[in-house]
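# Close look at the chain arrangement
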Amino acid sequence: MKFSWHGHACVQLQTLDGTKIIIDPFINGNPYSDLDVESVVTDYIILTHGHEDHVGDALAIARNNEATIIAVVELADHLASIDVKTHGMNIGGSFNFPFGTVKLTPAIHSSSYDGHYMGLAAGVIVDDVSSTIYHAGDTARFTDMSLIGPVTAAFLPIGDNFTMGIRDALHAAQLIQSELYIPIHYNTFPVIEQNPYEFTNMLHDNRGLVPEIGEIIEL
């Protein structure tokens, strides 16, 4: 699997069979995004929850690509009513897509869209047989993170205020069985300004990575 990070919580994946996935495509309004909504090519869109800085430009991207949005069922059903293709799931459930398996995990956070409750927030595990990534979404630290893994790479929010910060993310990294830890969800807004290297430098065995925006990394 290949991945690239595009600021905030937006991660693009390319699976072993060439399927393209984008997670939490917050592009317009994201000062760190290097993407153009009209140029994004993807087969699937995964949303961790309903907040605007995660749903982002999902509707436009879905329509441009005839892509399927994968999300918690309340959010998926709402977006389906706006005439896009969706696949609804729920926490703890997994589904075998043509490219591999997607499983939703708990996340301690809220979720709303267009002023309406959108079910539970989630993390997501994507497994394409060659490698497995865990995108924690927006979450606090919780002890059941010890049940997640083993995975190849874990994307963890460090921004604080809305999610866990660096100290809690370091503890989360101790709980999660992962070969690599990548900080996300920081510096987009003043209230979540953090130095990501404070996180990666305190991880053992050089297992932290701060990718450049748009850098393609093969797992």
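A brief structural summary. (Residues numbered from 1 in each chain as written. Predicted model: local features only at pLDDT ≥ 70, side-chain atom pairs only at ≥ 80, totals over all residues. Heavy atoms only, no water.)

### Thoughts on helix α4 (residues 166-175)
Residues of α4 that are buried: Ile166, Ala169, Leu170, Ala172 and Ala173. All buried residues of α4 fall inside an arc of 160° around its axis, so they share one side. Turned more than 90 degrees off the buried face of α4, the exposed positions are Arg167 and Gln174. (Buried < 20%, exposed > 50% of the residue type's maximum accessible area, 1.4 Å probe, protein only. Helix = DSSP H or I, 4+ residues; strand = E, 2+ residues; numbered from the N terminus. Arc of directions from axis to C-beta.)

### Observations concerning the pattern of salt bridges
Across all of its chains, the model carries one salt bridge by this definition. Arg141 is the salt-bridge partner of Asp168, the closest N and O atoms lying 3.2 Å from each other. Placement of Asp168 in helix α4 and of Arg141 in the loop between β12 (132-135) and β13 (151-157) is noted, with a sequence separation of 27 residues between them. In this structure Arg141 comes out as partly exposed when scored by relative accessible area, which is 36%. (Salt bridge = Lys/Arg side-chain N within 4 Å of Asp/Glu carboxyl O.)

### Some thoughts on the side chain of Thr42
Looking at where Thr42 falls in the secondary structure, it is placed in the loop between β3 (20-23) and β4 (44-46). A polar contact of 3.5 Å, which involves the side chain of Thr42, links it to the backbone nitrogen of Ile22. There is a polar contact of 3.0 Å between the side chain of Thr42 and the backbone oxygen of Tyr44. For Thr42, the residues in contact, after removing those within four places along its chain, are Lys20, Ile21, Ile22, Ile61, Asn65 and Ala67. (Polar contact = N/O pair within 3.5 Å; in protein donor to acceptor, adjacent residues only side chain to side chain. Contact = heavy atoms within 4.5 Å.)

### Things to note about the sheet that holds β12
Spatial ordering of the open sheet is given by β7-β8-β11-β12-β13-β14, a layout of six strands whose pairing is mixed. Of all the strands in the sheet, just β7 (94-97) and β14 (178-184) have a single pairing partner and so form its edges. Within this sheet the neighbouring strands show an average axis-to-axis angle of 20°, counted without direction. Sheet topology note: the strand β8 (residues 100-106)/strand β11 (residues 122-127) ladder contains six bridges and is antiparallel. Within the sheet, the bridge partner assigned to Thr105 lies in β11 and is Gly123. (Pairing = 2+ DSSP bridges. Axes fitted to C-alpha atoms, helices over the stretch in contact; angles between N-to-C directions.)

### With respect to the nonpolar core
Judged by nonpolar contacts, the single largest core of 49 residues is most densely connected at Leu13, Val102, Val126, Tyr134, Leu156, Ile176 and Phe199. Residue contacts for Tyr134: discarding those within four places in its chain leaves Thr105, Gly123, Val124, Ile125, Met145, Ile148, Val151, Ala153, Ala154, Phe155, Leu156 and Ile176. Counting residues in each nonpolar core, the second largest holds 22 residues, with Cys10, Leu35, Val37 and Leu75 among its members. (Core = buried A, V, L, I, M, F, W, Y, C linked by side-chain atoms within 4.5 Å.)

### Some words on the environment of Ala172
Structurally, Ala172 is set in helix α4. With a relative accessible area of 0%, Ala172 lands in the buried category. Ala172 sits 30 residues away from Met202 along the chain, and the two C-alpha atoms are 13 Å apart.

### Some details on the pairing of strand β5 (residues 68-72)
Extensive coverage of β5 is indicated by the burial of five of its five residues. As paired elements, β5 and strand β6 (residues 85-89) share five bridges and run parallel to each other. When the bridges of β6 are listed, Ile69 appears paired with Thr86. Handedness of the crossover joining β5 and β6 through helix α3 (residues 73-80) is recorded here as right-handed. (Right-handed = clockwise from strand over helix to strand, strands pointing away.)

All quantities given are derived from atomic positions and should not be read as evidence of function.
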